[in-house]
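Below are the chains, spelled out letter by letter.
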Amino acid sequence: MSPESTRPGNEHRAGSTTRRRIGLLGGTFDPIHVGHLALARAAREALRLDELRFVPTGQSWQKHGSEVDAAARLDMVRLAVGSTPGFAVDDREVRRAGPSYTIDTLIELRAELGPEPALVLVLGSDQLRNLATWHRYRELLLHAHIAATRRGTHPLADLDPPVEALLAAHGRDALPDAPSGAIVYFTMPPVPVSGTALRERLARGERPAELLPPAVLDYIERHRLYRAGAASP
Ligand code: ATP
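Values in this document were obtained by computation on a predicted structure and should not be read as measured data. (Residues numbered from 1 in each chain as written. Predicted model: local features only at pLDDT ≥ 70, side-chain atom pairs only at ≥ 80, totals over all residues. Heavy atoms only, no water.)

A. Layout of the overall build of the protein. Counting its regular elements, the protein contains nine helices and six strands. Of the contacts formed within the protein by residues at least 6 apart in sequence, a portion of 74% connects residues at least 24 apart. Counting every atom, the protein has about 10800 Å² of accessible surface; 52% of that belongs to carbon and sulfur. (Helix = DSSP H or I, 4+ residues; strand = E, 2+ residues; numbered from the N terminus. Contact = heavy atoms within 4.5 Å. Areas by Shrake-Rupley, 256 points an atom, 1.4 Å probe, with all protein chains shown as cover.)

Written as C-alpha cells, this is what we have:
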C-alpha cells in the first residue's frame, strides 16, 4: 500500500459477500464539528459501511483539561447525528468507569455482535500516527480493521517504526472480506477544523456557525459551554 494513495474507487465487495461492515468513529468530540461529520460520511461511502457508530470517550486517557463533561459531549454527538440514516451513537465508553480504551470497546462489541461482521476503526492520520501509544494497540487488529485518512498537516507517510511495522504486515489496498485484520487508507476532501481551535474561538466569544451543526451550536450557547469560566450543564 503506498502511503498517500487510497483506493476508494477500487473498494468493492469481493464476490457476493454480505458480511456487514460496521464503522467505529471514536473521539472526545469536544465538541463534535463538521470535520467529524465529513469524516464519517467519507468513511461510510469509501468503505461501503452498512453503519457508522460514533463512540464518544468517557474518560479520555490521552487528552486532559476538557472543561466539558462526558454527558454533555455525548448530548452534542446525539444532536449532531440526529436521525441521519446509517449513523448511530454508541455511549458505552461514557457509561463505562475508568479510562476509555478502544481495545475494551472492541472486545465488548465482538462479544455482542459475534465473529461475523467486519468492524472498521475509522481514524484521522493524527490518530494513526499516535497508534503505538494506544493501550494494547497490537491487539486492535484481532478485532477490527483500521481505516485511516489524511487530516491536515499529519501525513500518512513516515510513521513511527512500530506503526510502519503494523502497516507492513497488515496494509491492504482495500478492505478484504474478513471481520478484522487489515489497515487501509481512504480519501476525503480536507475539512480544516479541530476541537482545539473551536474551543479557543468559543472562549473568545466567537460564533463559528460554519464549523458546527446548528443544534450543537445552539446547545453550546444555551449551556454557555467553552466560555472562559464556564461549567458543564
Ligand atoms: P481536539 O482538537 O480536541 O484534539 P479533534 O478535533 O482532533 O479534537 P477528536 O474528537 O479527537 O477531535 O477526533 C476524533 C477523530 O476524528 C480522530 O480520528 C480525528 O483524527 C478525526 N478528526 C477530527 N477532526 C477531523 C477533521 N477536521 N478532518 C478529518 N478527521 C478529523
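Next comes the rest of the description.
B. Structural detail: the packing of aromatic side chains. Scanning all chains against the criterion turns up two aromatic pairs. A centroid spacing of 6.0 Å and a plane angle of 55° characterise the contact between Phe 29 and Phe 54, whose relative ring orientation is tilted. Of the two residues, Phe 29 is situated in the loop between β1 (21-27) and α1 (34-46) and Phe 54 in strand β2 (residues 51-56); the sequence distance between them amounts to 25 residues. A relative accessible area of 0% means that Phe 54 is categorised as buried. Each ring, one from Phe 54 and one from Phe 87, has its centre 5.4 Å from the other, and the planes form 70°; the classification is edge-to-face. Taken together, the residues span a long stretch of sequence, with Phe 54 in strand β2 and Phe 87 in strand β3 (residues 87-89) at a distance of 33 residues. An aromatic cluster is defined as three or more aromatic residues linked by ring pairs; in this entry it consists of Phe 29, Phe 54 and Phe 87. (Phe/Tyr/Trp six-rings, centres within 6.5 Å; stacked < 30°, edge-to-face > 60°. Buried < 20%, exposed > 50% of the residue type's maximum accessible area, 1.4 Å probe, protein only.)

C. Main features of helix α2 (residues 70-81). With 12 residues, α2 extends 16 Å from end C-alpha to end C-alpha; this agrees with the ideal 16 Å at 1.5 Å per step. For α2, the complete set of buried residues consists of Ala 70, Ala 72, Arg 73, Leu 74, Met 76, Val 77, Ala 80 and Val 81. Buried residues in α2 make contact with α1, β2, β3, α3 (92-95) and α9 (214-222). Of the residues flanking the start of α2, the one acting as N-cap is Asp 69, its side-chain oxygen 3.2 Å from the backbone nitrogen of Ala 71. (Expected span 1.5 Å × (residues − 1). Polar contact = N/O pair within 3.5 Å; in protein donor to acceptor, adjacent residues only side chain to side chain.)

D. Inspection of the side chain of Asp 126 at higher detail. In this structure, Asp 126 sits in helix α5 (residues 125-129). A residue is classified by how much of its surface remains accessible, and Asp 126, at 18% relative accessible area, is buried. Engagement of the side chain of Asp 126 in a polar contact is seen with the side chain of Arg 151, the distance being 3.0 Å. Those residues in contact with Asp 126 that lie beyond four places of it in its chain are Arg 151 and His 154.

E. Structural context of the pairing of β2. Across the six residues of β2, six count as buried, placing the element largely inside the fold. On β2, burial covers both faces: Glu 51, Arg 53 and Val 55 on one face and Leu 52, Phe 54 and Pro 56 on the other are all buried. The pairing of β1 with β2 spans six bridges and is parallel. Residue Leu 25 lies in a different strand from β2, and its bridge partner there is Phe 54. Between β1 and its parallel partner β2, the chain crosses via α1, and the hand of that crossover is right-handed. One ladder, built from three bridges, connects β2 with β3; its direction is parallel. Bridging across to β3, Phe 54 finds its partner in Val 89. (Pairing = 2+ DSSP bridges. Right-handed = clockwise from strand over helix to strand, strands pointing away.)

F. Representation of the environment of Gly 27 within the structure. The topology assignment puts Gly 27 in strand β1. Ignoring sequence-local partners within four residues, the contact set of Gly 27 consists of Val 55, Pro 56 and Thr 57.

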